[in-house]
Amino acid sequence: PVDKPAYDQASARVMDTLRSLAWGGVPVVVEVLGWDEAFLGPGPGHGDLGDPRVFAQHIRDRVHEATELTCGVGIGDNKLRAKIATAFGKVGEGDGSGIGYLTAAEWFDVMGDRPTTALWGIGSKIGKRLAALDIHTVRQLAESDARMLADAIGPTMGPWYHRLGRGADSSPVDATPWTPRAH
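Residues numbered from 1 in each chain as written. Predicted model: local features only at pLDDT ≥ 70, side-chain atom pairs only at ≥ 80, totals over all residues. Heavy atoms only, no water.

Engineer: Where do I start with the environment of Gly89 in this structure?
Structural biologist: On the secondary structure map, Gly89 appears in the loop between α3 (79-85) and β6 (99-102). Take Gly89: its relative accessible area is 2%, and that puts it in the buried class. For the pair Gly89 and Ala22, spaced 67 residues apart in sequence, the C-alpha to C-alpha distance is 23 Å. Discounting chain neighbours no more than four positions away, the residues touching Gly89 are Gly94, Asp95, Gly96, Ser97, Gly98, Ile99 and Gly100. (Helix = DSSP H or I, 4+ residues; strand = E, 2+ residues; numbered from the N terminus. Buried < 20%, exposed > 50% of the residue type's maximum accessible area, 1.4 Å probe, protein only. Contact = heavy atoms within 4.5 Å.)

Written out as structure tokens, the structure is:
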């Protein structure tokens, strides 16, 4: 059963730990997605960021020291790729290091032959709709005609799924406070 007070307390400790971090000489920007998920980005006016894998391990170490919890970190050149990369560090799904890495340079090598449902934002229902259009893989989605997707799925969502297939995401890390919608 869900122990909401315990989850809220643990989440607050993790998020406070994340907000206490600096990268490139300035505090990080933290966008909270839920109890156990957040995006981090370098703050404005940062200096040299160095190797993001080193900072990812620093994140894991600080969270563990503050909470005795382990965490996974996904590194990407945008939020979509970072979110997907998180799975690549998990035991049984990746190398087990707790750190995954995915950028535009390796997008199609890593994601191209995976099913469309491997993308964040595409579940089984949309996966079935795409399959009915003979779109089964991330590469096929990326190479599909965005206008055809707009006609078949909708003028907003069709092109958005097409962008997902290419790994495109231009949304910034936004520290606006998180408003819970569901648990």
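Engineer: Would you mind showing me how to read the environment of Asp134 here?
Structural biologist: Along the polypeptide, Asp134 turns up in the loop between α5 (124-132) and α6 (138-143). A polar side-chain atom of Asp134 sits 3.0 Å from a polar atom in the side chain of His136. (Polar contact = N/O pair within 3.5 Å; in protein donor to acceptor, adjacent residues only side chain to side chain.)

Engineer: What is the right way to read the pattern of salt bridges from this model?
Structural biologist: Two side chains that carry opposite charge are able to pair once their charged atoms sit near each other. Evaluation of the coordinates by the stated rule reveals eight salt bridges. When the shortest N-O distance is used, the salt bridge between Glu31 and Lys79 registers 2.8 Å. Of the two residues, Glu31 is situated in strand β3 (residues 29-34) and Lys79 in helix α3; the sequence distance between them amounts to 48 residues. Of the two residues examined, Glu31 and Lys79, each falls in the buried class. With a shortest N-O distance of 2.7 Å, Glu65 and Arg62 are connected by a salt bridge. Linking Glu65 with Arg62, this pair stays in helix α2 (residues 52-67), spanning three residues, or about one helical turn. Overall, Glu65 belongs to the exposed group, its relative accessible area being 57%. When its relative accessible area of 25% is taken as the criterion, Arg62 is described as partly exposed. (Salt bridge = Lys/Arg side-chain N within 4 Å of Asp/Glu carboxyl O.)

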